[in-house]
Amino acid sequence: MADAKTPNWKPRTRAVHGGTKRSQYGEVSEAIFLTQGFVYDSAEAAEARFVETGPDEYIYARYGNPTVAMFEERIAGLEGAEAAFATASGMAAVNGALVSMLRAGDHVVSARALFGSCLYILEEVLTRYGVEVSFVDGTDLDQWQAAIRPETKAVFFESISNPTLEVIDIAAVSRLAHAVGALVIVDNVFATPVFQDTMGLGADVVIYSATKHIDGQGRCLGGVILGSHDYINKTVIPYMKHTGGAMSPFNAWVMLKALETMDLRCRAQAEGALRIATALEGQAGLTRVIYPGLASHPQHGLAMAQMEKGGTMIAMEIAGGQAAAFRFLNALETIIISNNLGDAKSIITHPATTTHQRLSDAQKQRLGISPGLVRLSVGLEDPDDLIADLLAGLAAAVGA
Ligand SMILES: *Cc1c(COP(=O)(O)O)cnc(C)c1O
C-alpha cells in the first residue's frame with residue numbers, strides 16, 4: 001500500500017534510508033510493529049478510518065502495517081516503481097499479480113521455462129477459471145509475436161529462467177505486448193533488484209520472491225509486487241487485502257534490514273559466480289557451463305545489455321547423467337544441497353529430481369533439464385574455497 005516518496009538518491013542510499021519512518025522515540029534501526037490491529041480514539045474515528053485510508057492510517061495488518069509499509073516504500077524506491085505491495089511469499093506475489101487483474105475470457109502469453117509453482121499457476125489455476133494461456137519459448141521473439149493477440153491482457157516471464165538461465169529480451173517482448181495494450185509482468189528473482197532496471201526496459205509489473213536475494217540469509221519467506229500507483233492500489237490491493245496474502249510485520253522487518261546489505265551481497269556473489277564459472281568452463285566431467293556472464297552463453301550480448309553483471313546463479317551439466325550428478329553433489333563439502341537460492345551460503349540443486357520433478361520427461365527435455373543438470377547458487381564464501389570444492393566434486397563424479 002506504500003507509494004514511493006524517495007528523494008533523488010542513488011540506489012545504495014535508497015536501500016539504506018528509503019521508506020524509513022521513525023516513531024516518537026527516534027530509533028536508528030527501524031521499529032518492528034508486531035501488531036495485527038490499530039486503536040481508534042472513538043467510534044467516529046473508526047468509522048472514518050474505514051471510509052478512507054491513507055498510508056499512515058492503518059486498520060488491520062492484512063491490509064497494511066507500518067513496518068510492512070517501510071519495506072514496500074524502500075523496495076519501490078529501489079526498483080523505480082510508483083507503488084508496491086508486500087506478500088507472504090514469492091508465490092503469493094505471482095498469484096496476486098495475475099489473478100487480481102484477470103477474468104474469464106482473457107488471454108495470457110507466458111514463457112514456457114518457469115519456476116515450477118509459477119507454471120502451476122499459469123497452467124492449472126488460471127485455466128480453471130476460464131483464462132486462456134499460450135506458452136512460448138521465451139527466447140524466440142517470433143513465437144511471442146505469433147502468440148500475442150488483441151485480447152491478450154498480460155504477458156508473463158522470468159527475465160532469467162530457472163534453472164537453465166535463458167535470458168529474455170525484456171524491451172522487445174514489452175514492445176510486442178504494449179502494441180496490444182497487454183501488461184508486461186516480470187518475475188525478476190534471478191536478475192535481482194540490483195543488476196537490472198527492469199521497468200526501465202519496459203516491464204509494467206515486477207515481482208520478487210523476497211525469500212531469495214532480498215533476505216539473502218535464508219530466514220524468512222516473502223514477496224513483493226511492484227507497479228504503477230493505479231495497478232497496485234486499484235487492482236492488486238483490493239484483491240490481496242481480502243484474500244490474505246499479506247507479509248508479516250516480522251518478516252517485513254527482516255527484509256527491510258536485509259535491503260541495506262543486498263547491493264553489497266549481490267555484487268560479491270556475482271563476482272564469485274563469474275570467477276567460478278570461468279574456472280569450471282572446460283573442466284573434465286562437465287559437458288556444459290551456463291552462466292550469462294560468460295561469452296559462451298547463447299545470449300551473452302543481451303544479458304550484458306540488460307544486466308550490469310551476470311547474476312549469482314550458474315547451471316552446469318555433469319557428464320554421465322543423474323548418477324554422476326548425484327556423485328558430484330554428494331562429494332561437495334562446503335556447498336550445501338538445498339533448493340533455495342540467493343543465500344549467503346552456496347547451495348546446489350539437482351532440478352530434474354527436485355524442483356522440476358513434477359514435469360514429464362518430455363517437458364524436462366524441452367526445457368533443457370537433463371539428468372546431468374545441476375544449479376548452483378553462489379554465496380558469500382571465498383570463491384577459491386568454492387572452486388576447490390567444485391573441482392573435488394567433479395573428480396569424484398568422473399572417478400567412480
Ligand atoms: C523462489 C521463486 C519463486 C517463489 O518464491 P517463494 O518465496 O518461494 O514463494 C517464484 N519465482 C522464482 C523465479 C523463484 O525463484
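Residues numbered from 1 in each chain as written. Predicted model: local features only at pLDDT ≥ 70, side-chain atom pairs only at ≥ 80, totals over all residues. Heavy atoms only, no water.

Trainee: Explain the overall build of the protein chain to me, and be specific about the residues and the numbers.
Mentor: Counting its regular elements, the protein chain contains 14 helices and 13 strands. On C-alpha atoms alone, the protein chain measures out to a radius of gyration of 22 Å, which is about the 21 Å that the 2.2 N^0.38 rule sets for 400 residues. Its C-alpha atoms give the protein chain principal-axis dimensions of about 75 × 50 × 35 Å. Burial analysis of the protein chain (400 residues in total) assigns 54% to the buried set. Sequence-distant contacts, at least 24 apart, represent 74% of the contacts inside the protein chain between residues at least 6 apart. Of the roughly 16,400 Å² of accessible surface on the protein chain, a fraction of 53% belongs to carbon and sulfur atoms. (Helix = DSSP H or I, 4+ residues; strand = E, 2+ residues; numbered from the N terminus. Rg over C-alpha atoms; globule rule 2.2 N^0.38 Å. Buried < 20%, exposed > 50% of the residue type's maximum accessible area, 1.4 Å probe, protein only. Contact = heavy atoms within 4.5 Å. Areas by Shrake-Rupley, 256 points an atom, 1.4 Å probe, with all protein chains shown as cover.)

Trainee: Explain the packing of aromatic side chains to me, and be specific about the residues and the numbers.
Mentor: Inspection of every chain in the model, using the stated rule, returns five aromatic pairs. Ring geometry for Tyr40 and Phe50: centres 6.5 Å apart, planes at 70°, overall edge-to-face. In this pair, Tyr40 sits in the loop between α1 (11–17) and α2 (43–51) while Phe50 sits in helix α2, placing the two residues ten residues apart along the sequence. Here Tyr40 falls in the partly exposed class, since its relative accessible area comes to 22%. One Lys or Arg, Lys212, reaches over the ring of Phe115 and ends 5.0 Å from the middle of that ring. The ring of Tyr63 has Lys241 sitting right over it, with the charged end atom 4.8 Å from the ring centre. (Phe/Tyr/Trp six-rings, centres within 6.5 Å; stacked < 30°, edge-to-face > 60°. Lys NZ or Arg CZ within 6 Å of the ring centre and 35° of its normal.)

Trainee: Could you give an account of the site of the ligand, with specific residues and numbers?
Mentor: Among the 14 residues in the neighbourhood of the ligand, the closest are listed as Gly90, Asp187, Ser209, Thr211 and Lys212. Interatomic distance of 2.6 Å between a side-chain N/O atom of Asp187 and a nitrogen atom of the ligand. Between Thr211 and the ligand, the recorded distance is 2.6 Å, taken from a side-chain N or O atom to an oxygen atom. Against a free-state accessible area of 380 Å², the protein chains account for coverage of 92% of the ligand. Among the residues forming the shell around the ligand, the class breakdown is six nonpolar, five polar and three charged. (Near = heavy atom within 4 Å. Polar contact = N/O pair within 3.5 Å; in protein donor to acceptor, adjacent residues only side chain to side chain. Nonpolar A, V, L, I, M, F, W, Y, C, P; charged D, E, K, R; others polar.)

Trainee: Describe in detail the domain arrangement of the protein chain, supporting the description with residues and values.
Mentor: By a widespread convention, an interface's size corresponds to the accessible area lost as its parts come together. Its domain assignment divides the protein chain into domain 1 (2–258) and domain 2 (263–399). Domain 1 and domain 2 are separated by 28 Å when their C-alpha centres are compared. Listed per partner, the contact involves 38 residues of domain 1 and 37 residues of domain 2. The contact between domain 1 and domain 2 buries some 3,100 Å² in all, and 60% of this surface belongs to carbon and sulfur atoms. Between domain 1 and domain 2 we count twelve residue pairs in polar contact (both at pLDDT 80 or more) in total. Mapped by element, the contributors of at least two residues to the side of domain 1 that touches domain 2 are α5 (116–128), α7 (170–179) and α8 (192–195). Among the elements that line the side of domain 1 that touches domain 2, the one with the most residues is α5, at five residues. (Domains from an automatic or database assignment. Buried area = accessible area lost by both parts, 1.4 Å probe.)

Trainee: Report on a nonpolar patch on the surface, specifying residues and quantitative values.
Mentor: The grouping of Ile32, Leu34 and Phe250 at the surface amounts to a nonpolar patch, some 290 Å² of accessible area in total. Its place among the elements puts Phe250 in helix α10 (residues 249–280). Note on Phe250: relative accessible area 40%, which makes it partly exposed. (Patch = residues over 30% accessible without salt bridge, like charges linked within 9 Å, V, L, I, M, F, W, Y side chains within 5 Å. Salt bridge = Lys/Arg side-chain N within 4 Å of Asp/Glu carboxyl O.)

Trainee: Help me get a handle on the pairing of strand β2 (residues 83–87), residues and values and all.
Mentor: The two faces of a sheet get side chains in turn, since along a regular strand they alternate between them. For β2, the tally of buried residues reaches five of five residues, placing the bulk of the element in the interior. Neither face of β2 is open: one carries Ala83, Phe85 and Thr87, the other Ala84 and Ala86, and all of them are buried. For β2 and strand β8 (residues 223–227), the ladder comprises five bridges, and the chain directions are antiparallel. Bridge assignment links Phe85 to a residue of β8, and that residue is Ile225. (Pairing = 2+ DSSP bridges.)

Trainee: Tell me what's going on with the environment of Gly244, and back it up with residues and numbers.
Mentor: For Gly244, the position within the fold is in the loop between α9 (229–243) and α10. Remark: the alpha-carbon pair of Gly244 and Ala172, spanning 72 residues in sequence, is separated by 35 Å.

Trainee: Give me the lowdown on empty space enclosed by the protein, citing residues and values where you can.
Mentor: Going through the model one piece at a time under the given rule, you end up with one cavity of 30 Å³ or more. Reported here for the largest cavity is a volume of approximately 30 Å³. Together, Val189, Thr192, Pro193, Tyr208, Ser209, Lys212, His213 and Ile214 line the largest cavity. Elements supplying a minimum of two residues to the lining of the largest cavity: α8 and β7 (205–209). In terms of residue class, the lining of the largest cavity is made up of four nonpolar, three polar and one charged. (1 Å grid on protein atoms, 1.4 Å probe; cavity = no way out; pocket = protein on both sides within 12 Å on 5 of 7 lines; lining within 4 Å. Points joined across faces, edges and corners; volume = space filled by probe spheres on them.)

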